[in-house]
Amino acid sequence: MNKKISTDLIHAGKIRTEFMETSEPLFLTSGFVYNTAEEAEASFKEKKKRFLYSRFGNPTIEILQNKLAKLEGAEACWATSTGMAAVFTIFMSYLKKGDRVVAGRALFGSCHHILTSILPRFGIEVELIDGSDIESWEKALKKKTKLIFFETPSNPCLEIVDIENVVSLAKKQKTLVVVDNVFATPILQKPIEFGADVVMYSATKHIDGQGRVMGGAILGKKKYCDEIIKPFIRNTGPSISPFNAWVLIKGLDTLELRIKKQSENAKKVVNYLEKSEHIDKIYYPHYKNFNQFSLAKKQMKDGGNLLSFEIKAKKEKKKEKSFSFLNNLSLINISNNLGDTKSLITHPETTTHHRLSQMEKKVLGINKNLIRISVGLEDVDDIISDIDKALKKSMVNK
Ligand SMILES: Cc1ncc(COP(=O)(O)O)c(C=O)c1O
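Residues numbered from 1 in each chain as written. Predicted model: local features only at pLDDT ≥ 70, side-chain atom pairs only at ≥ 80, totals over all residues.

Trainee: Explain the domain arrangement of the protein chain to me, and be specific about the residues and the numbers.
Mentor: Splitting the protein chain by domain gives domain 1 (5–253) and domain 2 (256–394). Each of domain 1 and domain 2 has a C-alpha centre, and the two are 27 Å apart. In this complex, domain 1 contributes 29 residues to the contact, which on the side of domain 2 involves 32 residues. Only α1 (5–11), α5 (109–118) and α8 (185–188) provide two or more residues apiece to the side of domain 1 that touches domain 2. Here the residues of the side of domain 1 that touches domain 2 sort into 14 nonpolar, 12 polar and 3 charged. (Domains from an automatic or database assignment. Contact = placed C-beta atoms within 7 Å. Helix = DSSP H or I, 4+ residues; strand = E, 2+ residues; numbered from the N terminus. Nonpolar A, V, L, I, M, F, W, Y, C, P; charged D, E, K, R; others polar.)

Trainee: Summarise the site of the ligand; cite the residues concerned and give the values.
Mentor: Contacts to the ligand come from 14 residues, most closely from Thr82, Gly83, Met84, Ser202 and Thr204. Elements represented by at least two residues in the shell around the ligand include exactly α4 (83–94) and α5. A per-class count over the shell around the ligand returns 5 nonpolar, 7 polar and 2 charged. (Near = placed C-beta within 6 Å.)

Trainee: Could you give an account of unusual backbone geometry, naming the residues involved and the relevant values?
Mentor: Residue proline 153 is bonded to the preceding threonine 152 through a cis peptide linkage, with omega at -5 degrees. In this fold, proline 153 is placed in the loop between β4 (147–151) and α7 (163–170). Cis geometry marks the peptide bond from asparagine 155 to proline 156; its omega dihedral reads 5 degrees. Tracing the sequence through the fold places proline 156 in the loop between β4 and α7. One non-glycine residue, methionine 20, lies in the positive phi region at around 55 degrees. Within the fold, methionine 20 resides in the loop between α1 and α2 (37–44). In this structure methionine 20 comes out as exposed when scored by C-beta crowding, with 6 C-beta atoms within 10 Å. For leucine 158, which is not a glycine, the phi torsion comes out positive at approximately 55 degrees. Relative to the elements of secondary structure, leucine 158 occurs in the loop between β4 and α7. (Buried ≥ 20, exposed ≤ 12 C-beta atoms within 10 Å, placed from the backbone.)

Trainee: Now, about the environment of lysine 321: what can you tell me, with residues and values included?
Mentor: As for its placement among the helices and strands, lysine 321 is situated in helix α13 (residues 318–327). On a C-alpha basis, the gap between lysine 321 and serine 54 in space is 49 Å, while along the polypeptide they are 267 residues apart. Apart from the residues within four sequence positions on either side, lysine 321 is in contact with Ile311, Ala313, Asn369 and Ser394.

Trainee: Explain the pairing of strand β2 (residues 100–104) to me, using residue names and the numbers behind them.
Mentor: The element β2 is extensively covered by neighbouring structure, given that 4 of its 5 residues are classed as buried. The handedness of the β2 to strand β3 (residues 125–129) crossover, carried by α5, is right-handed. (Right-handed = clockwise from strand over helix to strand, strands pointing away.)

Trainee: Outline the sheet that holds strand β10 (residues 333–334), supporting the account with residue identities and numerical values.
Mentor: Strand order across the open sheet formed by 5 strands is β8-β9-β12-β11-β10, with mixed pairing between neighbours. In this open sheet, the two strands that pair with only one neighbour each are β8 (279–283) and β10. For strand β9 (residues 306–311) and strand β12 (residues 370–374), the ladder comprises 5 bridges, and the chain directions are antiparallel. Opposite serine 308, over in β12, you have arginine 372 as the bridge partner. Against the sheet, α13 makes contact with β9, β10, β11 (344–346) and β12, and its axis sits at roughly 125 degrees relative to β9, the strand it touches most. (Pairing = 2+ DSSP bridges. Axes fitted to C-alpha atoms, helices over the stretch in contact; angles between N-to-C directions.)

Trainee: Mind laying out the sheet that holds strand β5 (residues 176–180), listing which residues take part and the relevant values?
Mentor: Here we have 7 strands laid out as an open sheet, ordered β1-β7-β6-β5-β4-β2-β3, and mixed in their pairing. Both outer strands of the open sheet, β1 (76–80) and β3, are each paired with one neighbouring strand and no more. The average undirected angle you get between the axes of adjacent strands in this sheet is 20 degrees. By the bridge criterion, 3 bridges tie β2 to β4 in an arrangement that is parallel. From the neighbouring strand, valine 102 faces β4, where its bridge partner is isoleucine 148. Along the sheet, α7 contacts β4 and β5; its crossing angle with β5, the most-contacted strand, is approximately 155 degrees.

This is the structure:
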């Protein structure tokens, strides 16, 4: 029976032990024992399917992987220790010297670092393009390309890539299409339904949703996961700890509820910002004046809990005003994390994206007056009142 997403979040992927526990069991063990040496031999030769060692697999991790695969509509999933471990595994397991990667240039700082500083050291060519422009994809894909990578919406300016159109270009030369779906979550956007091959998550974000543990996930076809991802993870060790997997399973129980409520709160914050005389620009996928509003509506069920905005300020005062705004907040916490139940705010130009060159920041719109907020689950009136007070205080001595 095909269950609704809310039911799957609670029940999918269950493995119950002989004790018939209601809550998913936590197997906090690194190893497993064999009754005989023959059993150990058969297990290593994969003639007998069982758990050998938690770097290779663990029942709690398997519950998480089964649940995530079901939610995403993917054939298989491998969980990793962090989102970056997932990104690095995807690249290093698939690419070799001489291969070419094309990526949307609106990227999270560490993804940008892997693409521009690490992959070229291994003889892998990387081209970064304007991911929102389909002609740029068309042009870049005229050259033989092994893998495409993009975030949609992107961090921090919520730039949207047209998944379906990029996939149709990629399929002409069997390029692997990898989507970083962190901002959208599996609740709001399913890249596999638009033809993407691989989806990755930083489970640290909304999947945990309560700021407790790190984790990542890679989702795709069973053949890809078995033949490419499994041997890489088993032998190089970016595996997730069973404890973190267990916390993430608990996070999934409430993922849909949180995303719905936090998106609702985010839209109310956008409504407030739109009317504020202190704000210049708003980036939010389901905001009617967002330049990619119709594409965002097509791809995403709702706008999500992340939004960015620019504070009005003279050129030489942009950073000062932004810092003053952040320092005057009393409820919303300054933090580069996101997807938490607590509202978190950051100044991307000096934190998450500080390593980008001035030129790259300019192209991506990461200006000194840009603020990114991950809207939480607090009462939205309190969130708005905190923003309002801090904006007014920061505008004294314009
Ligand atoms: C869009 C995006 N991708 C990947 C990551 C990396 O995830 P992690 O911090 O779990 O390694 C992040 C983290 O902020 C992110 O925002």
